[in-house]
Amino acid sequence: MNQPVHQRHGSLWGTIKAVLWGFLGVRRRSDFQDDVAKLNPLHLMVVGVAMALLFVFGLILLVNWVVR
């Protein structure tokens with residue numbers, strides 16, 4: 001039984017784990033189905049964009065540090 005999207009309240013840690021596994025591109029089908037049923041897509045998008053920005057800024061800082 002799936003809840004409507006606006007009523008899903010997954011944990012922050014569960015959302016972060018799902019996004020990290022998505023970045024790696026490996027996830028078991030059962031875990032993916034569990035995430036789809038429990039996590040709010042809006043939360044996934046916000047965490048995904050935030051983590052992508054952190055990754056890009058981290059790479060920029062790393063390159064600036066190496067170039068110095």
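Residue indices begin from 1 for each chain and proceed along its sequence in written order. At least 70 in pLDDT is required for a residue's local features to be given in this predicted model, at least 80 for side-chain atom pairs to be given and counted, and no such filter applies to totals for whole chains, interfaces and linings, which use all residues. The basis for every side-chain value is the complete set of heavy atoms in the structure, and neither hydrogens nor water enter the calculation.

This brings us to the overall build of the chain. Secondary structure elements follow DSSP: runs of H or I of four or more residues count as helices, runs of E of two or more count as strands, with numbering from the N terminus. When helices and strands are tallied, the chain shows three helices and zero strands. Helices and strands in the chain line up, N terminus first, as α-α-α. Accessibility here uses a 1.4 Å probe with only protein chains present; expressed as a share of the type maximum, an area under 20% marks a residue as buried, one over 50% as exposed, and anything in between as partly exposed. Residues classed as buried in the chain amount to 16% of the 68 residues present. Contact criterion: two residues are considered in contact whenever any of their non-hydrogen atoms come within 4.5 Å of each other. Once local pairs closer than 6 in sequence are excluded, the contacts in the chain between residues at least 24 apart make up 86%. Approximately 5700 Å² of the chain is accessible, and the part contributed by carbon and sulfur atoms is 71%. Note on areas: Shrake-Rupley with a 1.4 Å probe; residue coverage comes only from the protein chains shown.

In low-pLDDT regions, the fine details of the predicted coordinates are not to be read closely. The predictor rates its confidence in each residue with pLDDT, a number between 0 and 100. Mean pLDDT over the chain stands at 86; residues scoring 70 or higher make up 87%. Per-element mean pLDDT across the chain ranges from 84 in helix 2 (residues 29–38) up to 95 in helix 3 (residues 41–67).

Only C-alpha atoms enter the line fits that serve as axes; for helices the fit covers just the stretch in contact. Angles between N-to-C directions range over 0 to 180 degrees. Where helix 1 (residues 12–24) contacts helix 3, the axes come no closer than 9 Å and their chain directions differ by 60 degrees. By the angle between their directions, the pair helix 1 and helix 3 is classed as oblique. In the crossing of helix 1 with helix 3, the sense of the turn from one axis to the other is right-handed. Contacts between helix 1 and helix 3 pair Leu12, Thr15, Ile16, Ala18, Val19, Leu20 and Phe23 from the former with His43, Leu44, Val47, Gly48, Met51 and Ala52 from the latter. Here the contact of helix 1 with helix 3 is composed, by residue class, of 10 nonpolar, three polar and no charged. An angle below 35 degrees is treated as roughly parallel, one above 145 as roughly antiparallel, one from 65 to 115 as roughly perpendicular, and anything else as oblique. Handedness of each helix crossing follows the sense of rotation of the near helix against the far helix: counterclockwise by less than a right angle gives left-handed, clockwise gives right-handed. Gly falls in the polar group here, along with every residue not listed as nonpolar (Ala, Val, Leu, Ile, Met, Phe, Trp, Tyr, Cys, Pro) or charged (Asp, Glu, Lys, Arg).

Right, let's get into helix 3. Multiplying 1.5 Å by the residue count of a helix minus one yields the expected span of that helix. A rise of 1.5 Å per residue sets the reference length of helix 3, with its 27 residues, at 39 Å; its end C-alpha atoms lie 39 Å apart and thus fit the reference within 8%. Elements in contact with the buried residues of helix 3: helix 1.

This part is about the side chain of Thr15. Mapped onto the secondary structure, Thr15 falls in helix 1. Polar contact criterion, stated in full: a pair of N or O atoms within 3.5 Å, where within protein one must be able to donate a hydrogen and the other to accept it, and residues adjacent in sequence count only if both atoms are side-chain atoms. At 3.0 Å, the side chain of Thr15 forms a polar contact with the backbone oxygen of Ser11. Contacts of Thr15, omitting those with residues within four sequence positions, involve Leu39, His43, Leu44 and Val47.

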